[in-house]
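Here's the letter readout for the chains.
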Amino acid sequence: MITFKRDKKEEEDGGGNPFQNLEKTTVLQEARTFNNTPVNPRKCAHILTKILYLLNQGEQLGTTEATEAFFAMTKLFQSRDVILRRLVYLGIKELSSLAEDVIIVTSSLTKDMTGKEDLYRAAAIRALCTITDSSMLAAIERYMKQAIIDRSPAVSSAALVSSLHLTSVSSDVARRWANEAQEALNCDNVMVQYHALGVLYQARKADKHAVIKLVAKLMRTSPKSPYAACMLIRMAYKLLDEVDEGEELIGFIESCLRHKSEMVVYEAAHALVNLGRSGAREIGPAISVLQLFCGSPKPALRFAAVRTLNKVAMSHPAAVTACNLDLENLITDSNRSIATLAITTLLKTGAESSVDRLMKQIATFVSEISDEFKVVVVQAIRALCQKFPRKHAVLMNFLSAMLRDEGGLEYKAAIADTIIAVMEGNAEAKEAGLAHLCEFIEDCEHISLAVRILHLLGQEGPTSKQPSRYIRFIYNRVILESASVRAAAVTALARFAAACPPLLPNVLVLLSRCQLDSDDEVRDRAAYYCTILQQQNDPTILPLIQPPLLSIPTLGRALKNYMETPMEDSFDISQIPPAQTVEEPAQVEVHTTIKQPRLTREESFIEKLSQIPQLAKIIQDTSLLKSTPVFELTESETEYNVKCIKHTFPEYLILQFDCVNTLSDQLLEDVVVAVEPPESYSIVCVVPCPRLSYNEPGTTYTVLKYPKDLEASLVTIPTTLRFMARDCDPTTGIPDAEQGYHDEYMLEDLEITIADQIRGVGNRGMDFNTVWDTYAAKGYAKLGETFSLGESVTSLEGAIQSLTEFLGLEAVERSNKVQSGAAAHILLLSGVFRGGKEILARARLALSGTQVTMQLSVLCQDREVVDLIVSSVG
Amino acid sequence: MAILDNDGNRILAKYYDKNVFPTSKEQKTFEKNLFSKTHRANAEIIMLDGLTCVYRSSVDLFFYVMGSSHENELILMSVLNCLYDSVTSILRRNVEKRTVLDSLDIVMLAMDEICDGGIILDADATSVVQRVALRTDDIPLGEQTVAQVLQSAKEQLKWSLLK
């Protein structure tokens with residue numbers, strides 16, 4: 001009676017879950033029952049279910065436990081009970097990864113798999129394949145081949161799927177069984193067709209032409225199974241991505257839009273839309289299909305359609321406009337995901353007038369959707385801000401409201417990014433944006449974000465109309481936040497003081513308070529800035545408030561060199577031109593093709609160059625000014641591939657030639673790129689590449705000395721690849737015994753431009769005009785001239801781009817952004833010429849019609865540099 | 001693929017990709033998270049942690065099928081429908097936690113028949129049921145006759161006595 005009562009109670013508690021209070025050890029104890037003969041199928045099935053349930057709940061079995069259970073289980077092969085047998089298969093699969101010696105059941109499984117009972121066979125094959133390793137593969141191969149072409153679809157499917165899994169064990173399984181799979185492909189059963197296609201694709205994956213042939217063949221018959229059709233579409237899509245032609249493939253995908261299964265239709269539409277090169281004509285039919293789906297009663301279908309449309313809206317907004325009406329209907333969809341996607345799509349395609357309404361709509365449920373979708377919304381708003389700059393007020397308000405909501409770091413960072421981007425693109429939005437961000441950091445739990453915003457405030461705040469109002473926000477951080485935020489706040493404060501002299505006394509008071517901070521870093525910073533700010537009379541000291549990012553290895557080298565001098569002058573970092581010490585990773589990264597996680601591009605090159613003994617001598621006591629982007633001296637499809645990178649040092653120019661030999665039957669030795677410079681240049685040394693085998697990149701270097709006369713440094717140099725060629729066996733790469741022969745290969749001309757010799761130094765935290773005036777007062781050489789730019793330049797943006805590219809200088813104070821519709825613009829440029837000569841340039845651009853005229857003035861300590869720049873522009 | 005109960009606890013779950021949620025702890029957190037997002041609104045589809053999840057509920061059970069976000073949503077849906085329909089017919093239309101637990105062995109077999117190592121093995125509920133329904137007389141595909149109900153009741157009784 002008592003037990004009955006307890007049972008009843010448990011039933012109410014646990015919803016009658018008979019498996020609720022299972023203990024691993026008890027269940028494993030019970031598994032001993034398996035050893036009894038004759039086997040009691042019901043009881044054993046129940047116990048086996050318990051074991052499986054435990055495993056499924058994430059219970060971990062030790063190796064011994066698993067092995068014991070496994071062996072007990074093998075006893076159950078004696079029973080003829082069908083369910084029990086099937087459960088045993090399941091158990092084998094689950095335990096195969098845990099237990100040892102699982103191979104023992106192979107013979108039992110093989111027997112089942114070739115037996116008469118169809119119900120056993122399929123499952124036995126699958127169980128067998130999970131325990132098979134590469135050594136046993138040969139033993140079961142014959143059975144597997146038979147099973148693939150078996151009449152029963154279940155057996156055939158099982159064998160095909162298993163062979164797919166086996167490819168991870170032994171990669172050529174699929175290829176060996178391809179013939180059988182080919183036969184299975186003709187089977188009537190839809191699933192068998194699908195699995196056979198999978199195996200065939202696996203077999204030919206590596207060979208593009210074989211895949212093309214396979215797809216072409218199947219395209220004509222068009223498989224019955226929707227899954228196989230989907231798979232075929234994916235294969236076609238992948239091929240279209242890789243090969244250039246493929247009208248037929250596109251035709252096939254388009255014909256799938258009329259397939260009777262929705263699944264295939266969607267897959268086809270999805271593929272068409274995502275195809276990188278499809279134009280409006282190709283995606284037209286796909287869009288109209290998706291439009292139909294938007295009205296479907298099934299949420300999954302609507303979701304799929306809207307998600308795809310949302311993606312297309314980025315690339316082809318015009319094509320999606322046709323669906324606007326249907327999307328409007330989805331805004332109120334009960335599935336929030338669908339509604340959000342619909343709204344963001346509309347935001348991307350919609351007109352300016354509808355923005356307000358859509359924003360209001362989305363505001364009503366933004367709190368209900370998941371973070372991932374919020375990020376999607378934020379990105380849509382960002383795109384919108386660029387499209388309709390006039391709407392920034394509405395959008396900004398919305399963003400700030402979102403900032404106040406709950407959300408993860410990623411989401412908040414996306415919003416902050418958007419606000420910053422809007423501020424950069426639109427000067428009117430700056431004040432409002434800064435105000436929103438200030439409010440946000442008042443209550444921001446993400447340290448990294450707070451630090452970033454403080455940095456931005458320090459940069460932008462001082463130039464706003466009322467710098468003083470931001471001081472309070474920043475100082476609040478100093479009082480309330482953690483150490484890293486406090487340190488960032490101190491830096492921001494110092495910038496305000498440096499840029500706005502009226503605020504200086506007040507900020508000094510605040511900074512002196514920070515000197516009592518408990519954290520070392522904060523105290524250090526405060527002390528440093530206080531000292532600098534107190535010597536307020538010199539405008540050139542301002543850059544020190546925002547010290548340029550020094551690259552540690554280069555600084556180290558500079559200091560070491562200084563130690564070797566008699567040390568009569570003091571090592572003053574502000575006097576040393578930044579070219580020799582400064583490396584700004586952010587600026588350089590823009591051209592970087594190989595991303596180095598820690599080192600900048602220049603640093604990694606220096607590292608590489610100094611490992612070559614001949615070069616190390618030359619570069620050891622100078623520093624690298626600039627490495628140019630990669631420049632190709634050959635077409636990409638030729639026998640030999642040569643790329644060039646120019647490394648400029650104050651005195652020398654190192655040409656790095658990266659060569660690749662694309663002929664498999666040739667081995668090149670003693671490879672050199674012969675350069676024939678004009679007399680003004682002298683060749684210092686040449687480092688040949690001793691051996692260049694097929695498809696392995698090799699590098700050769702040539703060191704040139706720059707001429708004294710700057711004018712003569714701009715030259716065009718003819719180059720030739722010279723080498724000793726030896727024929728070799730294409731497969732092994734071993735050269736033939738006979739002597740090689742000398743050969744040469746013409747390369748394109750190499751140009752040494754002015755941009756090679758100048759490194760742009762953007763935004764160093766200085767006020768351009770102040771520095772300009774100071775330098776002019778110091779008697780730097782200055783030259784101005786007016787040019788009218790050629791026909792290729794028809795807009796201000798174009799002019800800015802070609803000028804910065806040509807001169808290698810970098811724009812400061814964001815002067816490379818032109819207000820839209822402006823007819824005149826002032827571009828401020830700064831950089832360093834080799835040898836550490838600072839250059840400032842100011843270009844006044846004016847647009848009349850499509851003709852751009854430019855008045856360029858250049859300032860530098862060296863007369864020759866100024867002449868060179870001005871004359872080369874002309 | 002997962003079946004959860006109405007508190008978001010796992011009844012059965014199977015993950016085929018070792019790279020997504022490698023430990024059972026991560027799996028369970030994901031399930032909890034998924035459950036909390038889906039148990040109220042009956043919206044059929046949701047994106048979570050970079051996965052597309054389709055789901056369906058019945059009395060006190062939730063059926064889920066998850067796939068990568070690049071996967072065709074309709075294929076996932078067809079798998080879910082197959083899972084749901086086969087379970088329904090295995091349990092003779094009484095899709096509840098209790099009945100699932102009672103025939104857990106068969107449901108396990110059904111899940112195994114639907115998907116093998118991440119590849120769809122079969123998406124047709126009838127054939128799945130055929131392959132697992134070993135007591136063929138026991139699981140009718142259409143409506144049951146009175147006699148059959150009686151028969152199965154007897155069977156059940158025998159079962160509980162045997163235990």
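Here the residue numbers are simple positions, counted from 1 along each chain's written sequence. Going through the entries in the order they are written, you letter the chains from A and number the ligands from 1. Local features in a predicted model are, by the rule used here, given only for residues with pLDDT of at least 70; side-chain atom pairs are given and counted only at 80 or more, and totals for whole chains, interfaces and linings are based on all residues. Values reported for side chains reflect all heavy atoms of the structure, with hydrogen atoms and water molecules removed beforehand.

## Side note on the interface of chain A and chain B
Rules: Residue contacts are defined here by distance: any two heavy atoms, one from each residue, within 4.5 Å place the two residues in contact. When two parts are put together, the accessible area they lose, computed with a 1.4 Å probe and summed over both, is reported as buried area. The salt bridge definition used is simple: a Lys or Arg side-chain nitrogen within 4 Å of an Asp or Glu carboxyl oxygen. For the purposes of these results, a polar contact is taken to be a pair of N or O atoms within 3.5 Å, where, inside protein, one atom must be able to donate a hydrogen and its partner to accept one; residues adjacent in sequence count only when each atom of the pair is a side-chain atom. Only DSSP runs of H or I with at least four residues qualify as helices, and only runs of E with at least two residues qualify as strands; both kinds are numbered from the N terminus onward. Three categories are distinguished: nonpolar for Ala, Val, Leu, Ile, Met, Phe, Trp, Tyr, Cys and Pro, charged for Asp, Glu, Lys and Arg, and polar for the others, with Gly belonging to the last.
Between chain A and chain B, the contact holds 50 residues from the first and 50 residues from the second. Across the interface of chain A and chain B, roughly 4500 Å² is buried in total on both sides, 58% from carbon and sulfur atoms. Across the contact surface, chain A and chain B share one salt bridge. Taking the shortest distance from any N to any O, the salt bridge between glutamate 73 of chain B and arginine 307 of chain A comes out at 3.0 Å. Linking chain A with chain B are four residue pairs in polar contact (both at pLDDT 80 or more). Ranked by residue count, the leading element in the side of chain A that touches chain B is helix H5 (residues 82-95) of chain A, at seven residues. A breakdown of the residues in the side of chain A that touches chain B according to their chemical character gives 24 nonpolar, 14 polar and twelve charged.

## Considering the confidence of the model for chain B
All names here are of chain B. The criterion, for reference: What pLDDT expresses is the predictor's confidence in each residue, scored from 0 to 100.
Taken over all residues, the pLDDT of chain B has a mean of 73, while the share at 70 or more is 79%. Mean pLDDT values over the elements of chain B span from 67, in helix H6 (residues 146-162), up to 82, in helix H2 (residues 73-90). Here residues 135-144 scores under 50 on pLDDT; set against residues more than four positions off or in separate chains, the count is 18 contacts.

## With respect to the side chain of glutamate 267 of chain A
Of note, glutamate 267 of chain A is situated in helix H16 (residues 262-274). A distance of 3.1 Å separates the side chain of glutamate 267 of chain A from the side chain of arginine 234 of chain A, its partner in a polar contact. A distance of 2.8 Å separates polar atoms of two side chains, one belonging to glutamate 267 of chain A and the other to asparagine 72 of chain B. If sequence neighbours within four positions are ignored, glutamate 267 of chain A has contacts with Cys230, Ile233 and Arg234 of chain A together with Asn72 of chain B.

## Section: the packing of helix H27 (residues 447-460) of chain A against helix H29 (residues 483-499) of chain A
Residue and element names in this part refer to chain A. We count it as follows: Axis lines are fitted through C-alpha atoms, for helices just across the contact stretch, and the angle between N-to-C directions can take any value from 0 to 180 degrees. Any angle from 65 to 115 degrees is called roughly perpendicular, while one under 35 is roughly parallel, one over 145 is roughly antiparallel, and all others are oblique.
Between H27 and H29, the shortest axis-to-axis distance is 8 Å and the interhelical angle comes to 5°. The angle between the axes of H27 and H29 places the two elements in the roughly parallel class. Taken together, the residues of H29 that come into contact with H27 (itself represented by Ile447, Ala450, Val451, Leu454, His455, Leu457, Gly458 and Gln459) are Ser484, Val485, Ala488, Ala489, Ala492, Arg495 and Phe496. Of the residues that constitute the contact of H27 with H29, the class distribution is ten nonpolar, four polar and one charged.

## Considerations on a negative patch on the surface
Residues and elements named next belong to chain A. Formally: A patch consists of residues whose relative accessible area exceeds 30% and which take part in no salt bridge; residues with like charges are grouped when within 9 Å of each other, and nonpolar side chains (Val, Leu, Ile, Met, Phe, Trp, Tyr) when within 5 Å. The protein chains shown are the only cover counted for residues, whose accessible areas, like all others here, come from Shrake-Rupley with a 1.4 Å probe. Charge convention: Lys and Arg are scored as positive, Asp and Glu as negative, and His as well as the terminal groups of each chain are ignored. The location of each charge is read from NZ of Lys, CZ of Arg, CG of Asp or CD of Glu. For each residue, the accessible area found with a 1.4 Å probe, counting protein chains only, is set against the maximum for its type, and the residue is called buried under 20%, exposed over 50%, and partly exposed in between.
A contiguous patch of negative charge, built from Glu632, Glu635, Glu748, Asp749 and Glu751, is present on the exposed surface. With respect to the helices and strands, the residue glutamate 751 is situated in strand S12 (residues 750-752). Residue classification places glutamate 751 among the partly exposed residues on the basis of a relative accessible area of 45%.

## A short note on the packing of aromatic side chains
Keep this limit in mind: Only the six-membered ring of Trp is used, alongside the rings of Phe and Tyr, when aromatic pairs are assigned; centres must lie within 6.5 Å, and planes under 30 degrees apart are stacked while those over 60 apart are edge-to-face, with the rest tilted. Sitting over a ring, as applied to charges here, requires NZ of Lys or CZ of Arg to be within 6 Å of the ring centre and within 35 degrees of the ring normal.
Evaluation of the coordinates by the stated rule reveals eight aromatic pairs over all chains. With centroids separated by 6.4 Å and ring planes inclined at 20°, the aromatic side chains of phenylalanine 62 of chain B and tyrosine 64 of chain B adopt a geometry described as stacked. Each member of the pair, phenylalanine 62 of chain B as well as tyrosine 64 of chain B, carries the same accessibility label: buried. One residue, arginine 842 of chain A, lies across the ring of tryptophan 772 of chain A, its end atom 4.5 Å from the ring centre.

## A closer look at the packing of helix H12 (residues 190-204) of chain A against helix H14 (residues 226-242) of chain A
All names here are of chain A. Interhelical geometry of H12 versus H14 gives an angle of 25° and a closest axis separation of 8 Å. When the axes of H12 and H14 are compared, the pair comes out roughly parallel. Listed contacts from H14 to Met191, Tyr194, Leu197, Gly198 and Tyr201 of H12 are Tyr227, Ala228, Met231, Leu232, Met235 and Lys238. For the contact of H12 with H14, the per-class residue count stands at nine nonpolar, one polar and one charged.

## Some thoughts on the side chain of glutamine 757 of chain A
Residues and elements named next belong to chain A. Examined against the element boundaries, glutamine 757 turns out to sit in the loop between S12 and strand S13 (758-760). You can call glutamine 757 buried: its relative accessible area is 0%. There is a polar contact of 3.1 Å between the side chain of glutamine 757 and the side chain of serine 713. Setting aside residues no more than four positions away along its own chain, glutamine 757 makes contact with Leu625, Thr648, Tyr706, Ser713, Leu714, Ile752, Val832, Phe833 and Arg834.

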